[in-house]
Amino acid sequence: MKITKISSSEKRPYIHSILNTYSKNYIQNSYEIHNVHAPNNPKYYQVFNNISFGSNAHFYAITKRTSKGTSVVIQIPTENEDRIKLEFSPQEAGIFLNENDIIDNKMVETFVEIYTKFYTVQKEKHEEESKLLKRIIQESSKNKVIVIDREIDNESLRTFKGVSENNFIEAYLSNIQDDLRRKEIAESFLEKNEKRYAKSIHSAGKTALYLMHLSKTNNGIDLSDFDKKAEIVTSIVGFGESCEGDYFKELIENSKDENGNFDIDLCHKISELLPTVYYSPTPKEDIENIAQRIECLKDKDPKNFEKSYEALLNMAEIGIIKLSLYSDNFNQFLNLFNPKTGVFEEQTIPLLIDFTDSCLDWYSDNVQEVDEENATECAEYIQTMANEYFSLIRDYQTGEIIENPLSIGDFFNAYT
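Bear in mind the structure is a predicted one, so any value in this text is a computation, not a measurement.

(A) Local environment of a negative patch on the surface. Together, D354, D357, D361, D365, E369, D371, E372 and E373 make up a negatively charged patch on the protein surface. Within the secondary structure, D361 is located in helix α14 (residues 349-366).

Next comes the structure, spelled out in structure tokens:
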């Protein structure tokens, strides 16, 4: 999919510029232009937070027939008279065409609505962050003190949980005392923000296209569970950008139940865990590995599946459990299950977290400092130690945690 933003200050009707662009090749390449109004059905605007294009706004779909098949170009005007052009290859364009290989206007209408939703979110985020960074740059130039948001505690900054990106950026920059250094970093953030915004035109197109595929039925598009679908496609687009590839098909393929039917809940759970394996060298295998780990939890204790999954998600997000194929330590997480009954024991979660933190400190003090090169080796060591510790503090017959178990400190003292 090729997606570009085309700026223009010309006041002539938008259809004229399309005709001028393609008039020379219109017959030879068989272009077909469709003038499509935004849908009038109020249900669309309820779903998409009342985003509309205005009463006179138009967007256009163009088909291009070549020996390789039919491609589709969709052009969307924006509020500042810019134009966003989205070009879909013959492999991608099928969702916009009917059985006669002709543009399906309703499918295009729905796509533009979905695209506008995602693009607007990215645009607002870009503008808010740019405004913040430009203010910080200006204040740094004047040697003014930037006040940190005192509501953001150190623990929140460490884990990023519950902290908006802008709040984190402001708090981070506010802790840099040197005015010149703070200004340089803010300028670097601003440059990255501009690049990310330019890239968002493409990512919003992919996201909308994936959501269309998730929502397609025999009768058209079903936008139920929109928020869940939006989270799924946003996650897989981000995953693809971090791993430089397109992994939507792999996600769908690994999101099927025992009968081979697509399971949107499983798909959503996989997508929630994908950010924990960003930049992995084995992206396809990681998607499959995550799906298998989720199914393992469901099979092990169906009654407490949701609780065990939430625990896995939380521990993966803070880095205790790793699900990338090359550094998987899922067996460490299984210590939260009673080995005799298979029941998930929610009360053991803090114990595993404390043990992992203590083991990391002990490893750094007694084996070697942890860095990027030996992080996987350290994780494997912690997993082995955790398995040993939990085997010592569980009753051999019942599998339950014994009364007055060996403390974590005493366990490591035995190794010192």
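(B) Examining the confidence of the model for the protein more closely. Mean pLDDT over the protein stands at 81; residues scoring 70 or higher make up 79%. Confidence drops under a pLDDT of 50 for residues 5-56, and excluding neighbours within four residues, the segment shows 103 contacts in the predicted structure. Between residues 145-163, whose pLDDT stays under 50, and residues either more than four places distant or in other chains, the model counts 23 contacts.

(C) Examining the pairing of strand β4 (residues 69-77) more closely. Extensive coverage of β4 is indicated by the burial of seven of its nine residues. Where β4 meets strand β5 (residues 83-88), six bridges bridge the pair, whose relative direction is antiparallel. Bridging from a neighbouring strand, V73 pairs with E87 of β5.

(D) Representation of α14 in the model. The terminal C-alpha atoms of α14 lie 26 Å apart, and with 18 residues this matches the ideal 26 Å at 1.5 Å per residue to within 8%. Among the residues of α14, those classed as buried are I349, L352, F355, T356, C359, W362, Y363 and S364. Contacts from the buried residues of α14 go to α12 (305-317), α13 (330-333), α15 (375-393) and α16 (408-413).

(E) Molecular detail of the pattern of salt bridges. In the structure shown here, the tally under the stated rule is 15 salt bridges. When the shortest N-O distance is used, the salt bridge between E139 and R135 registers 3.0 Å. Here R135 and E139 lie together in helix α4 (residues 105-141), a separation of four residues that amounts to about one turn.

(F) Geometry of the packing of helix α11 (residues 283-300) against α12. At a minimum axis separation of 8 Å, α11 and α12 run at an interaxial angle of 145°. α11 and α12 meet at a crossing whose hand is right-handed. Contact with α11, carried on its side by I294, L297 and K298, involves F305, S308, Y309 and L312 of α12 and no other residues of that element. Each residue belonging to the contact of α11 with α12 can be placed in one class, and the counts come to five nonpolar, one polar and one charged.

(G) Structural context of the side chain of N338. Position of N338 among the secondary structure elements: in the loop between α13 and α14. For N338, the side chain forms a polar contact with the main-chain nitrogen of T341, separated by 3.1 Å.

(H) Just the packing of aromatic side chains, in detail. Enumeration according to the criterion identifies 26 aromatic pairs in this entry. With centroids separated by 5.0 Å and ring planes inclined at 50°, the aromatic side chains of F88 and F96 adopt a geometry described as tilted. Arranged with centres 4.3 Å apart and planes meeting at 0°, the rings of Y210 and F248 form a pair that is stacked. Of this pair, Y210 sits in helix α7 (residues 179-215) while F248 sits in helix α9 (residues 248-253), placing them 38 residues apart in sequence. Each member of the pair Y210 and F248 is classed as buried.

(I) Molecular detail of the side chain of K229. Along the chain, K229 falls in helix α8 (residues 226-243). Among buried Asp, Glu, Lys and Arg side chains, K229 stands out as unpaired, with D222 the closest opposite charge at 4.9 Å. There is a polar contact of 2.7 Å between the side chain of K229 and the backbone oxygen of D222. Within the structure, the side chain of K229 is placed 3.0 Å from the backbone oxygen of S224, a separation counted as a polar contact. Filtering out sequence-adjacent residues up to four positions away, K229 remains in contact with L211, L214, S215, D222, L223, S224 and I264.

(J) Geometry of the nonpolar core. Among the nonpolar cores identified, the biggest contains 85 residues, and I74, F96, F111, Y115 and F333 are the most heavily contacted of them. Discounting chain neighbours no more than four positions away, the residues touching F333 are L297, S308, A311, L312, M315, I321, F344 and L352. Judged by nonpolar contacts, the second largest core, of ten residues, contains L132, I136, L173 and I176.

Cut-offs used in this document
- Residues numbered from 1 in each chain as written.
- Predicted model: local features only at pLDDT ≥ 70, side-chain atom pairs only at ≥ 80, totals over all residues.
- Heavy atoms only, no water.
- Patch = residues over 30% accessible without salt bridge, like charges linked within 9 Å, V, L, I, M, F, W, Y side chains within 5 Å.
- Areas by Shrake-Rupley, 256 points an atom, 1.4 Å probe, with all protein chains shown as cover.
- Salt bridge = Lys/Arg side-chain N within 4 Å of Asp/Glu carboxyl O.
- Lys, Arg positive; Asp, Glu negative; His and termini not counted.
- Charge placed at Lys NZ, Arg CZ, Asp CG, Glu CD.
- Helix = DSSP H or I, 4+ residues; strand = E, 2+ residues; numbered from the N terminus.
- pLDDT = per-residue confidence, 0-100.
- Contact = heavy atoms within 4.5 Å.
- Buried < 20%, exposed > 50% of the residue type's maximum accessible area, 1.4 Å probe, protein only.
- Pairing = 2+ DSSP bridges.
- Expected span 1.5 Å × (residues − 1).
- Axes fitted to C-alpha atoms, helices over the stretch in contact; angles between N-to-C directions.
- Left-handed = near helix turned anticlockwise from the far one by under 90°.
- Nonpolar A, V, L, I, M, F, W, Y, C, P; charged D, E, K, R; others polar.
- Polar contact = N/O pair within 3.5 Å; in protein donor to acceptor, adjacent residues only side chain to side chain.
- Phe/Tyr/Trp six-rings, centres within 6.5 Å; stacked < 30°, edge-to-face > 60°.
- Core = buried A, V, L, I, M, F, W, Y, C linked by side-chain atoms within 4.5 Å.

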